[in-house]
Amino acid sequence: MIKLEKLIVAILLLSIISCDQKERSVEKEKINSQINTGIQIGKIDTLHSQILNQNRELIIYIPESAKNPKRKRKKYPVVYLLDGGYNFVPFVGMLKRYSEMNDTKILPEMIVVGIENIDFKSRMMDFSPTSDGNPEQFGGGNKFLEFIEKELFPYIEQNYSDSQNRTIVGHSFGGLAVMNALTTHPGMFKNYLLIDGSLYFDNELFLTEPKYKMEGKKLKDKNLYIAIANTATYGSNLESIKRDTIRANRYVRHSLKLVDQIESSNANLNMKWKYYEKDTHGSTAFLAELDGLRFFYSWFEFKKENKYRSKYFIPKKKEDRFANLTKSHFNSISEKIGYSFYPDEEWLSSNAYMLLNYHKQPYQAKEVFELNKEYYPESPTVYKDLGDFYLSQKDTIKAIENYKKTLELEDITSVKDALNKIQ
């Protein structure tokens, strides 16, 4: 009887433990479900580095168009964002606003690779190009760049985008990595964004040592944006800072000295700088990231399309016709970005309908519909649009021709119905 009671107690305990485990499992599933339904702007990835002998965590942002097979581009520019854990969310928020919103597309969509720091000690080691007399704390900068060039670049190119149009962004101590890449490995990146860099490091290394100075470097076709925060003492101005020796003013003073050296050098570097007089070392970063990207991609915005905001604009020259403006602009983008870059199919289609219905210029609408076919010859939608256009112009022969081409590419019921009505 006692053995039977012990057996019953054991069974009850096992049942309680099993129920508790099931409840925990269900609760975990609920939590995971809640996480998965939240707003996600990036994915966590990990790359093992043999060069650094450690796993490095990455935070990757993929543009919205890349998630849609019909809109995905073959390549995207890639931004390598240092201090990724700290900078990723505000940077991506800004980029989404200026590259994906219809009324503010002044930047190309980009992939963002946020490189996480392992810890503070690792950050000091990774970003510093020399040991500054303390090899236990500094001096791993060249090894870190080797990791980026020989391991991270191939990984991103294989799994995300093989574009050679790359930008590096570094703030504060991260600015040392930006300057090290620019002066000793200039082939790694196209664009360099230096935000209030710690140029005091190792006795002003980048201002005094020939290996790290701009003089004698061949930096044509490279772009550098220098952001300088107002970290100076009260009452200081740019002219007084250049002359004084106040320690608190060294961030500003060294950045200004760098600007002077670049402007007087023969490096042919395309450089722009700005003093953020109303901002601190921390608050400057967000503003500088936007300003820097706008400088790097100043040629991206399609400004000439603004001519067509007026309902009554009629082009007097052939080159001012919307299709010609579009083709010229995106040919220029392709040349500068390093690969074929076409406007979105939906964007072209909407502008063709605008020319047809709003501007009442069917000859221009036709040209844009045809341009869409030139860019996207395998898309059934462009032929459907052409079929609809020709039908609106009473050209049933051309309408039938394009509707049939649509059906060769995709079985669309509405196109079948339209074709049956006119045949």
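Right above here is the structure, for reference.
Okay, so let's go over this structure. (Residues numbered from 1 in each chain as written. Predicted model: local features only at pLDDT ≥ 70, side-chain atom pairs only at ≥ 80, totals over all residues. Heavy atoms only, no water.)

**Observations regarding the overall build of the protein**
And step 1. On a plain count of helices and strands, the protein comes out with 15 helices and 8 strands.
And step 2. Per-residue burial for the protein yields a buried fraction of 47% across its 423 residues.
And step 3. Across the protein, contacts joining residues at least 24 apart in sequence account for 67% of those joining residues at least 6 apart.
And step 4. Between the mean site of the 61 positive side-chain charges and the mean site of the 56 negative ones, the protein shows a separation of 4 Å. (Helix = DSSP H or I, 4+ residues; strand = E, 2+ residues; numbered from the N terminus. Buried < 20%, exposed > 50% of the residue type's maximum accessible area, 1.4 Å probe, protein only. Contact = heavy atoms within 4.5 Å. Lys, Arg positive; Asp, Glu negative; His and termini not counted. Charge placed at Lys NZ, Arg CZ, Asp CG, Glu CD.)

**Here we look at unusual backbone geometry**
And step 1. Unusually for a residue other than glycine, Asp 83 sits at a positive phi of about 55°.
And step 2. Along the chain, Asp 83 falls in the loop between β3 (78–81) and α2 (84–100).
And step 3. A positive phi angle, near 45°, is found at Asp 196, a position not held by glycine.
And step 4. Residue placement: Asp 196 occurs in the loop between β6 (191–195) and α6 (201–208).
And step 5. Taking relative accessible area as the criterion, Asp 196 reaches 0% and is therefore assigned buried.

**Observations regarding the packing of aromatic side chains**
And step 1. Taken as a whole and judged by the stated rule, the model has 27 aromatic pairs.
And step 2. Seen from their ring centres, Phe 153 and Phe 189 are 5.5 Å apart, and the 80° between their planes marks the pair as edge-to-face. Taken together, the residues Phe 153 in helix α4 (residues 141–159) and Phe 189 in the loop between α5 (174–184) and β6 connect sequence positions 36 residues apart.
And step 3. A relative accessible area of 1% means that Phe 189 is categorised as buried. (Phe/Tyr/Trp six-rings, centres within 6.5 Å; stacked < 30°, edge-to-face > 60°.)

**What to know about the environment of Gly 292**
And step 1. Along the chain, Gly 292 turns up in helix α9 (residues 284–296).
And step 2. We classify Gly 292 as buried; its relative accessible area is 0%.
And step 3. For the pair Gly 292 and Leu 224, spaced 68 residues apart in the sequence, the C-alpha separation amounts to 8.3 Å.
And step 4. In contact with Gly 292, other than residues within four places in its own chain, are Leu 193 and Tyr 225.

**Some words on the pattern of salt bridges**
And step 1. Within this structure, the stated rule accounts for 21 salt bridges.
And step 2. Between Asp 388 and Lys 384 there is a salt bridge, and its shortest N-O distance comes to 2.9 Å. Of the two residues, Asp 388 and Lys 384 are both situated in helix α13 (residues 380–392); the distance of 4 residues between them amounts to about one turn of the helix.
And step 3. One salt bridge in this structure joins Glu 408 and Lys 405, with 3.8 Å as the shortest N-O distance. Taken as a pair, Glu 408 and Lys 405 lie in helix α14 (residues 396–409) at a separation of 3 residues, close to a single helical turn. (Salt bridge = Lys/Arg side-chain N within 4 Å of Asp/Glu carboxyl O.)

**Here we look at the nonpolar core**
And step 1. The biggest cluster of nonpolar side chains holds 59 residues, and the ones touching the most others in it are Val 113, Ile 148, Leu 152 and Leu 224.
And step 2. Here the element with the most residues in this core is α4; it accounts for 8 residues.
And step 3. When neighbours within four sequence positions are excluded, Leu 152 is seen to be in contact with Leu 47, Leu 58, Tyr 80, Val 113, Ile 115 and Phe 147.
And step 4. Core analysis: the second largest hydrophobic core is formed by 56 residues, Phe 88, Phe 91, Val 169 and Ala 418 among them. (Core = buried A, V, L, I, M, F, W, Y, C linked by side-chain atoms within 4.5 Å.)

**Digging into the sheet that holds strand β2 (residues 54–61)**
And step 1. If you trace the 8 strands from one edge of the open sheet to the other, you get β1-β2-β4-β3-β5-β6-β7-β8, paired in mixed fashion. In this open sheet, the two strands that pair with only one neighbour each are β1 (43–49) and β8 (270–276). Neighbouring strand axes in the sheet, compared pairwise and without regard to direction, differ in orientation by 20° on average.
And step 2. Direction of pairing for strand β7 (residues 223–229) relative to β8: parallel, over a ladder of 7 bridges. The partner of Ile 226 across the bridge, within β8, is Trp 273.
And step 3. The strands touched by α2 are β2, β3, β4 (111–115) and β5 (166–171); relative to β2, the strand with the most contacts, the crossing angle is about 25°.
And step 4. α5 rests against β5, β6 and β7 of the sheet, and its axis sits at about 140° to β5. (Pairing = 2+ DSSP bridges. Axes fitted to C-alpha atoms, helices over the stretch in contact; angles between N-to-C directions.)

**Here's the deal with the side chain of Thr 183**
And step 1. Along the chain, Thr 183 falls in helix α5.
And step 2. Within the structure, Thr 183 has its side chain in polar contact with the backbone oxygen of Met 179 (distance 2.8 Å).
And step 3. Among all residues touching Thr 183, those that are not within four sequence positions of it are Phe 206, Lys 211, Tyr 212, Lys 213, Met 214 and Lys 217. (Polar contact = N/O pair within 3.5 Å; in protein donor to acceptor, adjacent residues only side chain to side chain.)

**Some details on the pairing of β2**
And step 1. Summarising the sheet, β1 and β2 pair through 7 bridges and their orientation is antiparallel. Along β2, the bridge assignment pairs Thr 46 with Glu 57.
And step 2. A loop of 4 residues connects β1 with β2, the two strands running antiparallel in sequence, and Asn 53 in this loop sits at a positive phi of about 60°.
And step 3. Here β2 pairs with β4 via 4 bridges, running antiparallel. Bridging across to β4, Ile 60 finds its partner in Val 113.

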